[in-house]
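# A look at the structure
Here are the chains, one letter per residue:
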Amino acid sequence: MRHGPAARILVTAALAVAAIYFLVPAYWLLVAATKGPGELASTPPLGLGKSFDLVGNIRKLFSYHDGLFLRWIANTMLYAGVGALIATLLATATGYALAKFRFRGREALFTVVLAGVLVPTTALALPSYLLLSKVGLTNTYPGVLLLSVVSPFGVFLSRIYAAASVPDEILEAARIDGAGEFRTFFRISLPLLAPAMVTVFLFQLVAIWNNFLLPLVVLSDQRLYPVTLGLYTLSTNARYPDLQSLTIVGSLVATLPLVVAFLSLQRFWRSGLAAGSVK
Amino acid sequence: MRIRAPHLFVLPFALLFALVYVAPVGYAIHQSLFVSEVSGLGLGPGDRTTKFVGLSNYWQALTDPALLRGVGRTLLFGVVQVPVMLGLALVLALLLDSGVAWLGGFFRLAFFLPYGIPGVIAAILWGFLYLPELSPFGHHDFLSSSTVLWSMANVTTWQWTGYNMLILFAALQAVPRELYEAARMDGAGELRTVVSVKLPMIMPALVMTGIFSIIGTLQLFSEPKVFRNLTGAVSSDYTPNLITFTEAFDNNNPHMASAIAVLLALVTCVLSFGLLKLSWRGAAEEQR
């Protein structure tokens, strides 16, 4: 279809207005993180402060309580990275088996997994905490990890992807050549499933990184906090200028790398989202 | 070997699923059927006992005015916020898909960016933007009891519009372009094509985003939890999830908290299953 320049300008302008709405808070965060002590309230909110003290602010953040912030970052990487990795392996193997084998309990398992997709994780947080406290796993790394490695949505996605992208003929050929099922899975099927695995990994990573209620109820030792919970505790005193500044710089440092990674991996999101919308 | 392989593939997941999904749900249901009773001073080892009370926690929850107010508030939030967000996401997706605008790739990234920021941090960030002494938006009171609900709705809209836009955009991109040609041949204008061709084609995606948004609304927690530190307008029973938290940790009543959590999970599942069914029936009728 052909469009005149007037239509182009009009539509681009409308999208630009929307973009301002989505970008202003991020811009404010960027600018506020550079302001010196006491300048947050005394200088224009959307302009630079009198001093440009981003490095000093970051130094203060990293030295807060002997490097507590860096520890929060490391914890987040552990929870989200290791949790998503294990979740991806489990979900891929399960989705593959559901798509490529007929076995007893297959339909039942898939139905239960689908129900699991619909159960809100916040509803699970409290009873999970009660159960963990029975076995003494609250306030521990394994406790949080245990609750992070199960992804029903990942199974759902892997099943769709495996059904479409692993041809039965290849599996038959491997069997005729005498390869065992596990060898076939690791050598032949996994490489074919790699794109789906990246998508599942990303989704679970974000799900863990976004989950606030779970670490809030399970953890009480600040040194085990993920960075989201850490920043939340800092923000509970958000009326104090010093902590305001720490919280702002911390939010920037914690989100910037992820946002960049996110935007550059956008095509994997689209494939996962598309699969989700055709179910 | 060949018979047992699939079971070994699914076993680790199935075990952990049972442990992390099935067991907590079962335990919550079990806990919700009891109350704890305190006798004497409540200090001795035998002074706290649990007693089976059947469904009475549920009855008490369903008739609790505070919980009903929280549910009502959440409904009001959802009835306004979900259509506004999905409408905005739909318009943006349609505009981007039309290919009319310059810089389409940049806009897509800009809209999607807030999704990369965790909910709590988004709430903290907007909390600063609402604070009178820091706000770039002039001297409005964003945190009063009449405005704070909509200030939270704005946080949710800001964070999730781009995500929903991307789902709808992906669905639009999958529509065969020949359909647009055919509509044009039939004399349909842009708007007519949107209503008669594009919207029906992406209906499943729209239903999906609607379901996810409703589930999200029912779970509302981070925003009220964060905003509670900024303003007295957000009470400890502001949303159902906040009530669950308050019951469990402030009132030390895991039984009532479990009952509310079970109710919430039940309502969510029924709602999403119902909507899915409805959309399937609609799709089946369309094909006839």
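Bear in mind that the values here come from a model prediction, so they are computed numbers and not experimental data.

### What about the overall build of chain A?
Scanning chain A from terminus to terminus reveals 14 helices and zero strands. The N-to-C order of helical and strand elements in chain A reads α-α-α-α-α-α-α-α-α-α-α-α-α-α. In terms of overall size, chain A is more extended than a compact globule, its C-alpha atoms giving a radius of gyration of 24 Å where 279 residues would be expected to give roughly 19 Å. Projected onto the principal axes, the alpha-carbon positions of chain A cover approximately 75 × 65 × 30 Å. Split into buried and exposed, the 279 residues of chain A put 52% on the buried side.

### A word on the overall build of chain B
Helix and strand counts for chain B come out as twelve helices and two strands. Each helix and strand of chain B, ordered N terminal to C terminal, gives the series α-β-β-α-α-α-α-α-α-α-α-α-α-α. Taken over the C-alpha trace, chain B has a radius of gyration of 24 Å; the compact-globule value for 288 residues is 19 Å, which it surpasses by more than 25%. Taken along the three principal axes of its C-alpha coordinates, chain B extends 85 × 70 × 35 Å. Here the analysis covers contacts within chain B between residues at least 6 apart in sequence; of these, 67% occur between residues at least 24 apart. Summed over its atoms, the accessible surface of chain B is roughly 13400 Å², and 67% of this surface lies on carbon and sulfur atoms. Across chain B, the mean location of the 16 positive side-chain charges is 8 Å away from that of the 16 negative side-chain charges.

### Topic: the domain arrangement of chain A
Interfaces are often sized by the amount of accessible area the parts lose when they come together. The assigned domain composition of chain A is domain 1 (5-54) and domain 2 (64-236). One C-alpha centre belongs to domain 1 of chain A, the other to domain 2 of chain A, and the line joining them spans 36 Å.

### A short note on the environment of Gln173(B)
Residues and elements named next belong to chain B. Summarising the element assignment, Gln-173 is placed in helix 6 (residues 148-173). Sequence separation between Gln-173 and Asp-97 is 76 residues, and the spatial gap between their C-alpha atoms is 6.8 Å. Engagement of the side chain of Gln-173 in a polar contact is seen with the side chain of Asp-97, the distance being 2.9 Å.

### Brief notes about the interface of chain A and chain B
At the junction of the two partners, chain A supplies 93 residues and chain B supplies 95 residues. In total, about 9000 Å² of surface goes out of reach between chain A and chain B, with carbon and sulfur atoms giving 79% of it. If you sort the residues of chain A by the area they bury against chain B, Leu15(A), Phe22(A) and Leu118(A) come out on top, with a joint share of 9%. Applying the counting rule to chain A against chain B returns zero salt bridges. The tally of links between chain A and chain B comes to six residue pairs in polar contact (both at pLDDT 80 or more). Sort the elements by how many residues they give to the side of chain A that touches chain B and helix 1 (residues 5-32) of chain A lands first, with 18 residues. When grouped by side-chain class, the residues that make up the side of chain A that touches chain B number 66 nonpolar, 19 polar and eight charged.

### A few points about a nonpolar patch on the surface
Residues and elements named next belong to chain B. A surface patch of nonpolar side chains, amounting to about 430 Å² of accessible area, comprises Leu-76, Val-79, Val-80, Val-84 and Trp-150. Looking at which element gives the most residues to the nonpolar patch, the answer is helix 3 (residues 65-98), with four residues. Under the relative-accessibility criterion, Leu-76 is labelled partly exposed at 44%.

### A look at the side chain of Ser158(A)
Residues and elements named next belong to chain A. In this structure, Ser-158 sits in helix 8 (residues 152-165). Given the relative accessible area of 3%, Ser-158 is considered buried. Of the polar contacts made by the side chain of Ser-158, one reaches the backbone oxygen of Gly-154; its length is 2.7 Å.

### Describing the UniProt feature "domain: ABC transmembrane type-1" (unreviewed entry) in chain B
When the UniProt feature table is mapped onto this chain, "domain: ABC transmembrane type-1" (unreviewed entry) is found at residues 71-275 of chain B. Taken end to end, residues 71-275 of chain B has its terminal C-alpha atoms 19 Å apart, with 73% of it in helix and 0% in strand.

### Thoughts on helix 5 (residues 106-118) of chain A
For helix 5 of chain A, spanning 13 residues, the distance from its first C-alpha to its last is 19 Å, which sits close to the expected 18 Å at 1.5 Å a residue. If you check which residues of helix 5 of chain A are buried, you get Arg106(A), Leu109(A), Phe110(A), Val113(A), Gly116(A), Val117(A) and Leu118(A).

### Quick look at the side chain of Thr76(A)
Residues and elements named next belong to chain A. Mapped onto the secondary structure, Thr-76 falls in helix 4 (residues 68-100). Take Thr-76: its relative accessible area is 10%, and that puts it in the buried class. Sequence-distant contacts of Thr-76, defined by excluding residues within four places in its chain, comprise Gly-81, Trp-209, Pro-226 and Val-227.

### Re the UniProt feature "transmembrane region" (unreviewed entry) in chain B
Residues and elements named next belong to chain B. Mapped onto this numbering, the UniProt entry gives "transmembrane region" (unreviewed entry) at residues 75-97, 109-131, 160-180, 201-221 and 256-278. Across residues 75-97, helical content stands at 100% and strand content at 0%; the span's end C-alpha atoms are separated by 32 Å. Summarising residues 160-180: 81% helix, 0% strand, and an end-to-end C-alpha distance of 29 Å.

### A word on the nonpolar core
What tends to happen in soluble globular proteins is that the nonpolar side chains get buried as a cluster. Core analysis: the largest hydrophobic core is formed by 152 residues, its most contacted members being Phe111(B), Met165(B) and Phe227(B). The dominant element in this core, judged by the number of residues it contributes, is helix 6 of chain B, at 14 residues. When residues of this core are assigned to domains, at least three fall in each of domain 1 (5-54) and domain 2 (64-236) of chain A. Contact partners of Met165(B), with chain neighbours within four places excluded, come to Ala89(B), Leu92(B), Ala93(B), Leu96(B), Arg108(B) and Phe111(B). Counting residues in each nonpolar core, the second largest holds twelve residues, with Ala28(B), Leu33(B), Met256(B) and Leu263(B) among its members.

### Overview of the pattern of salt bridges
Side chains that differ in sign of charge can pair as their charged atoms come close. Going through the model one piece at a time under the given rule, you end up with eight salt bridges over all chains. Put simply, Lys51(B) and Glu37(B) hold a salt bridge, and the shortest N to O gap is 3.5 Å. Note that Lys51(B) is positioned in strand 2 (residues 48-52) and Glu37(B) in strand 1 (residues 34-38), a separation of 14 residues in sequence. Among the residues examined, Glu37(B) registers a relative accessible area of 36% and is labelled partly exposed. Among the salt bridges present, the one from Glu181(B) reaches Arg184(B), with a minimum N-O distance of 3.2 Å. Residue Glu181(B) and its partner Arg184(B) are located together in helix 7 (residues 178-185), separated by three residues, close to a single helical turn. Because the salt bridges share partners, they merge into one network encompassing Glu172(A), Arg175(A) and Glu181(A).

### As for the UniProt feature "transmembrane region" (unreviewed entry) in chain A
All names here are of chain A. According to UniProt, the "transmembrane region" (unreviewed entry) feature falls on residues 7-30, 77-99, 108-132, 144-164, 185-209 and 243-265. The span residues 185-209 is 100% helix and 0% strand, and its two end C-alpha atoms sit 30 Å from each other. Counting secondary structure, residues 243-265 comes out at 96% helix and 0% strand; the distance between its end C-alpha atoms is 33 Å.

### Thoughts on the layout of surface pockets
Residues and elements named next belong to chain B. Roughly 370 Å³ of internal volume is contained in the second largest pocket. Around the second largest pocket, the lining is made up of 18 residues, and of these Val-71, Leu-218, Pro-240, Leu-264 and Val-267 lie nearest the centre. Among the elements of the structure, helix 3, helix 9 (203-218) and helix 12 (254-287) are those that each provide at least two residues to the lining of the second largest pocket. Looking at the lining of the second largest pocket, its residues break down into 15 nonpolar, three polar and no charged.

Conventions we followed
- Residues numbered from 1 in each chain as written.
- Chains lettered and ligands numbered in written order.
- Predicted model: local features only at pLDDT ≥ 70, side-chain atom pairs only at ≥ 80, totals over all residues.
- Heavy atoms only, no water.
- Helix = DSSP H or I, 4+ residues; strand = E, 2+ residues; numbered from the N terminus.
- Rg over C-alpha atoms; globule rule 2.2 N^0.38 Å.
- Buried < 20%, exposed > 50% of the residue type's maximum accessible area, 1.4 Å probe, protein only.
- Contact = heavy atoms within 4.5 Å.
- Areas by Shrake-Rupley, 256 points an atom, 1.4 Å probe, with all protein chains shown as cover.
- Lys, Arg positive; Asp, Glu negative; His and termini not counted.
- Charge placed at Lys NZ, Arg CZ, Asp CG, Glu CD.
- Domains from an automatic or database assignment.
- Polar contact = N/O pair within 3.5 Å; in protein donor to acceptor, adjacent residues only side chain to side chain.
- Buried area = accessible area lost by both parts, 1.4 Å probe.
- Salt bridge = Lys/Arg side-chain N within 4 Å of Asp/Glu carboxyl O.
- Nonpolar A, V, L, I, M, F, W, Y, C, P; charged D, E, K, R; others polar.
- Patch = residues over 30% accessible without salt bridge, like charges linked within 9 Å, V, L, I, M, F, W, Y side chains within 5 Å.
- UniProt positions renumbered as here; feature names shortened; annotations may be inferred.
- Expected span 1.5 Å × (residues − 1).
- Core = buried A, V, L, I, M, F, W, Y, C linked by side-chain atoms within 4.5 Å.
- 1 Å grid on protein atoms, 1.4 Å probe; cavity = no way out; pocket = protein on both sides within 12 Å on 5 of 7 lines; lining within 4 Å.
- Points joined across faces, edges and corners; volume = space filled by probe spheres on them.

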